[in-house]
Amino acid sequence: PDFNLLAPLSTDADVLDRVDQIISYDDRRGRSIWLVFLGPDAVQLPLVVPIDDLPAEPEPDAAWRLCDLIARVLEDSVPGGSAVITLVRGGGRALTDSDQRWLLALREAAARTDAPIRMLCLATADGIQRLEPPAPVGRC
């Protein structure tokens, strides 16, 4: 790789840069989800898990199963570690309704399973960005 695997990913920019380096331009054509695991010292572990054929809409319990797996793997193998989840799809950087539904499903599932998620990202041919939850709806 063109990066130092032992360098900690201390900042959001470090994480986004690493995701950009790991997921090639060709891998950003189809829908998938990629998992990157970090140790308690924020150093990337030598395990990257791409999951292909991601549906446009989260299927019931799909996000829960994914976050439960992350929580169990980290608890059993890397206590104090965390994961970076990256949604990958073709198209531009603008968030779609599908991206928002996946984001909400993953955030809810991570909370339910106590999965330590460092960051949720979106990777497209146009680049990598951190996914943020939608702004809360205020009261009148």
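To keep things clear, this report deals only with the structure shown in the data block. (Residues numbered from 1 in each chain as written. Predicted model: local features only at pLDDT ≥ 70, side-chain atom pairs only at ≥ 80, totals over all residues. Heavy atoms only, no water.)

## Topic: the overall build of the chain
- The number of helices and strands found in the chain is three helices and five strands.
- Secondary structure elements of the chain, listed N to C terminal, follow the sequence α-β-β-α-β-α-β-β.
- At 15 Å, the chain has a C-alpha radius of gyration in line with the 14 Å of a compact globule built from 140 residues.
- With 140 residues in all, the chain has 41% of them scored as buried.
- Within the chain, counting contacts between residues at least 6 apart in sequence, those at least 24 apart form 71% of the total.
- Accessible surface computed for the chain: about 7,700 Å², of which carbon and sulfur atoms make up 54%. (Helix = DSSP H or I, 4+ residues; strand = E, 2+ residues; numbered from the N terminus. Rg over C-alpha atoms; globule rule 2.2 N^0.38 Å. Buried < 20%, exposed > 50% of the residue type's maximum accessible area, 1.4 Å probe, protein only. Contact = heavy atoms within 4.5 Å. Areas by Shrake-Rupley, 256 points an atom, 1.4 Å probe, with all protein chains shown as cover.)

## Some words on the pattern of salt bridges
- The final tally for this structure, using the stated rule, is eight salt bridges.
- The shortest N-O distance in the salt bridge between Asp12 and Arg118 comes to 2.9 Å. Taken together, the residues Asp12 in helix α1 (residues 12-22) and Arg118 in strand β4 (residues 117-124) connect sequence positions 106 residues apart.
- Measuring nitrogen to oxygen at the nearest pair gives 2.3 Å for the salt bridge that ties Glu57 to Arg101. Taken together, the positions of Glu57 in the loop between β2 (44-52) and α2 (62-77) and Arg101 in helix α3 (residues 97-113) put the pair 44 residues apart, joining distant regions of the chain.
- Classification of Glu57 by relative accessible area gives partly exposed; the value is 33%.
- The class of Arg101 is partly exposed, set by a relative accessible area of 40%. (Salt bridge = Lys/Arg side-chain N within 4 Å of Asp/Glu carboxyl O.)

## Some words on α1
- Of all the residues in α1, the buried ones are Val15, Arg18, Val19 and Ile22. Buried residues along α1 cover an arc of 100° about the axis, so they all sit on one side.
- Next to the buried residues of α1 lie β1 (32-38), β2, β3 (82-88), β4 and β5 (127-130). (Arc of directions from axis to C-beta.)

## Here's the deal with the sheet that holds β1
- Reading across the sheet, the five strands line up as β2-β1-β3-β4-β5 and stay open at both edges, with mixed pairing between neighbours. One side of each edge strand has no neighbouring strand; the edge strands of this open sheet are β2 and β5. When strand polarity is set aside, the average angle formed by the axes of neighbouring strands in this sheet is 20°.
- Pairing of β4 with β5, which is carried by four bridges, proceeds in the antiparallel orientation. What sits directly across from Leu122, in β5, is Gln129.
- The sheet contacts of α1 involve β1, β2, β3, β4 and β5, and relative to β4 the element is tilted by about 45°.
- Across the face of the sheet, α2 comes into contact with β1, β2, β3 and β4 while running at roughly 20° to β1. (Pairing = 2+ DSSP bridges. Axes fitted to C-alpha atoms, helices over the stretch in contact; angles between N-to-C directions.)

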